[in-house]
Structure formats: C-alpha cells, structure tokens
Amino acid sequence: MNARSEAEASLKEDVMPDPIVIAQRGPYVVDVGPGTVYWCRCGRSKTQPFCDGSHTGTDFSPMEVTVAERKQVAFCGCKHTKTPPFCDGTHSRLSVTEKGGSGGR
Ligand code: FES
C-alpha cells in the first residue's frame, strides 16, 4: 500500500462509517419468542431479520431482543428505523437512490 492509499484508508476508518445495507424496503413480520433473538443492524445478514455474523469487520453489532412470550413482531428491514428493532415506517420515506440489498432494487 502506498502513502496515498494508506492515507485514504486511514481517512475512511476515521471519517466514513460502514454503510448500512438496506436488506428490504419494508418490515420482516415474524413470530418470535419466548426467548432472545439478535436483530441485524447492518443489513448484511443472509438470515434477515436476524444476525448471521456478517457484520464482522464493520462497526455494527446486532441488537439483542428478548421476548417474554410468543408474538408477531415487525422487524425493520431497511435498517433506518428510529425505533430499532421495530419498523416505524421510515422505509417509505427512503430515497429511491438509496443503495440497498435485494429488496431495495
Ligand atoms: S422497514 Fe420499516 S422502518 Fe425500516
């Protein structure tokens, strides 16, 4: 790596956070509980809406969600909700140019 690319890599690490991947432009409505699940925050998991470890090497970590009894939950799929891990409708206001996963194209 030359000095310029090292500087660019350093700048990326210092200034630019890893981007969120839009896994799906809408919620994942699933039955969960009782127990603990780990909601994927980064959008990279292949087992949405749950973590599969794909965040490794990024700044993200999954959110632990404990559910006391079996119930249906609408987990955010766009990863931009203001009320994680639940869908709050933010997905409907995302820009169409916002990059995303398979559900966002
Ligand atoms: S999927 Fe609805 S706010 Fe993210």
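Just above, that's the structure.
Right, let's walk through the structure included here. Keep in mind that this is a model prediction, so the values were computed, not measured. (Residues numbered from 1 in each chain as written. Predicted model: local features only at pLDDT ≥ 70, side-chain atom pairs only at ≥ 80, totals over all residues. Heavy atoms only, no water.)

A count of helices and strands for the chain gives one helix and four strands. Reading the helices (α) and strands (β) of the chain from amino to carboxyl end gives α-β-β-β-β. When burial is assessed residue by residue, the chain has 33% of its 105 residues classed as buried. Sequence separation of 24 or more characterises 62% of the internal contacts of the chain that already satisfy a separation of 6 or more. Total accessible area on the chain stands at roughly 6,700 Å², and carbon and sulfur atoms take up 54% of it. (Helix = DSSP H or I, 4+ residues; strand = E, 2+ residues; numbered from the N terminus. Buried < 20%, exposed > 50% of the residue type's maximum accessible area, 1.4 Å probe, protein only. Contact = heavy atoms within 4.5 Å. Areas by Shrake-Rupley, 256 points an atom, 1.4 Å probe, with all protein chains shown as cover.)

Bringing the nonpolar core into the picture now. Membership of the largest hydrophobic core comes to 14 residues, with the highest contact counts inside it found for Val32, Val37, Trp39, Val65, Phe75 and Cys78. Elements supplying a minimum of two residues to this core: strand S1 (28-32), strand S2 (35-39), strand S3 (63-67) and strand S4 (71-75). Of the residues forming this core, the biggest block, three residues, is contributed by S3. With residues up to four places along the chain from it excluded, the contact list for Val65 reads Gly35, Thr36, Val37, Trp39, Phe75 and Pro85. (Core = buried A, V, L, I, M, F, W, Y, C linked by side-chain atoms within 4.5 Å.)

In this structure the tally under the stated criterion is two aromatic pairs. Here Phe50 and Phe75 contribute two aromatic rings whose centre-to-centre distance is 5.5 Å and whose plane-to-plane angle is 75°, an arrangement assigned as edge-to-face. One end of the pair, Phe50, is in the loop between S2 and S3; the other, Phe75, is in strand S4, and 25 residues separate them in sequence. By relative accessible area, which is 0% here, Phe75 ends up buried. Measuring from ring centre to ring centre gives 6.5 Å for Phe75 and Phe86, while their planes differ by 25°; the resulting arrangement is stacked. Of this pair, Phe75 sits in strand S4 while Phe86 sits in the segment after S4, placing them 11 residues apart in sequence. One aromatic cluster is present, built from ring pairs that chain together Phe50, Phe75 and Phe86. (Phe/Tyr/Trp six-rings, centres within 6.5 Å; stacked < 30°, edge-to-face > 60°.)

Topologically, Val96 is positioned in the segment after S4. Sequence separation of Val96 and Arg25 is 71 residues, and the distance between their C-alpha atoms is 10.0 Å.

Right, let's get into unusual backbone geometry. Backbone torsion omega between Gly33 and Pro34 reads -5°, so that peptide bond is classified as cis. Checked against the element boundaries, Pro34 lands in the loop between S1 and S2. Of note in the backbone geometry, Lys79 takes a positive phi value of approximately 70° without being a glycine. Inspection of the secondary structure puts Lys79 in the segment after S4.

To continue, consider the environment of His55. Relative to the helices and strands, His55 is located in the loop between S2 and S3. Spatially, the C-alpha atoms of His55 and Ser45 are 7.4 Å apart, while their sequence positions differ by 10 residues. Contact partners of His55, with chain neighbours within four places excluded, come to Cys42, Phe60, Ser61 and Pro62.

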